[in-house]
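Coordinate inspection notes
Residues per chain are reported as follows:
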Amino acid sequence: MTTPRVVVVHRRTEYEDLVARHGTRGQAQFFLATRQQDLDDVERRHERTRTALNTVSAAIPSDWSRAEVEREDLSRFVFRPEDILVVVGQDGLVANLAKYIGDQPVIGINPLPGTIAGVLVPHAPDAIGRLLAGVTSDSATVLRRVMVRADTDDGQSLTALNEIYLGQPTHQSARYTLDVGGRIERQSSSGIIVGTGTGSTGWCLSLQQVQAPRLPLPRPEDQRLAWFVREPWPSPSTGSSLTNGILASTPLTVHVESDTLVAFGDGIEDDRLTLGWGQHLTIGLAERRLSTVQ
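On a predicted model such as this, the values are computed, not experimentally measured, just so you know.

**Notes on the pattern of salt bridges**
For the structure shown, the criterion picks out 14 salt bridges. A salt bridge links Arg12 to Asp17; its shortest N-O distance comes to 2.9 Å. For Arg12, a relative accessible area of 33% puts it in the partly exposed group. Taking relative accessible area as the criterion, Asp17 reaches 23% and is therefore assigned partly exposed. Several salt bridges share partner residues, and in doing so they unite Arg219, Glu221, Asp222 and Arg224 into one network.

Structure (structure tokens):
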């Protein structure tokens, strides 16, 4: 059996960002104090996160390979098929990681219970030894989370764990023709969101509660996606009858009628697809999934 490599994924803490921006701890504290804010709570969260990282590091067997990667370096890091990925941080960090890996198991560690929801990072730091043993012995329970994919007519693609958003890069209305399983409508709206069962605990849940309380949202492993149109505007040339629903085998297609629309996944606007007049975008189920250790 190939010796596994444990890759610990994390991001800089708020405290580290503040000190890097202001040069020293004292300068950061002064900056916050002038705005009636306190550095102490930020520093305590930083220390708890560092403690969690140290706990994880100490639990990795000494004869295993190990590596660390920060969120900013994910796109440049070379992951191996035998890697075990341990994410220490916010739920969103798992979504950031998802697009760069394949079937490697992901263990989510919550360093700040009570502050971080823990949907994707459900485990306490001191559980890491047991979880690593479960993965290597094939006794761990792994949830295969469905992902969503967007494809343009010129060959670009984008995959996300939670949801894909399509709309204007500004606050202007997006104009397009929506095609959902042969139901077609020309629309002007604040954008379209297509989400997975994992995303149904976040943005999609908020939209469902407002727009369609009776719409059954998918579970993380369901081969279904939920879609919503934000604030469609009824006018002589645009409609608002197609606003939400569930996708299964049939994708959703958008024919662009704006100079510029963008599509991005999981809130990462820098990694986006840009479309212009006449192009079309297809959004549906992705072929690959994300394997999270439960």
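**Focus on the nonpolar core**
Within the largest apolar cluster, 27 residues are counted, with the highest numbers of intra-cluster contacts made by Leu178, Val194, Trp227, Leu252, Leu281 and Ile283. No other element matches the four residues that strand S8 (residues 174-180) contributes to this core. Not counting chain neighbours up to four residues away, the residues in contact with Trp227 comprise Leu178, Val180, Arg183, Ile193, Val194, Leu242, Thr243, Asn244, Gly245, Ile246, Leu247 and Leu252. Counting 23 residues, the second largest nonpolar core, distinct from the first, contains Val87, Leu97, Ile101 and Leu161.

**Focus: the side chain of Gln279**
Mapped onto the secondary structure, Gln279 falls in the loop between strand S15 (272-275) and strand S16 (280-293). Of note is the side chain of Gln279, whose polar atom sits 3.3 Å from the side chain of Asp154. A distance of 2.9 Å separates the side chain of Gln279 from the backbone nitrogen of Gly276, its partner in a polar contact. Apart from the residues within four sequence positions on either side, Gln279 is in contact with Asp153, Asp154, Val254, His255, Val256 and Thr274.

Quick notes on the rules
- Residues numbered from 1 in each chain as written.
- Predicted model: local features only at pLDDT ≥ 70, side-chain atom pairs only at ≥ 80, totals over all residues.
- Heavy atoms only, no water.
- Salt bridge = Lys/Arg side-chain N within 4 Å of Asp/Glu carboxyl O.
- Buried < 20%, exposed > 50% of the residue type's maximum accessible area, 1.4 Å probe, protein only.
- Core = buried A, V, L, I, M, F, W, Y, C linked by side-chain atoms within 4.5 Å.
- Helix = DSSP H or I, 4+ residues; strand = E, 2+ residues; numbered from the N terminus.
- Contact = heavy atoms within 4.5 Å.
- Polar contact = N/O pair within 3.5 Å; in protein donor to acceptor, adjacent residues only side chain to side chain.

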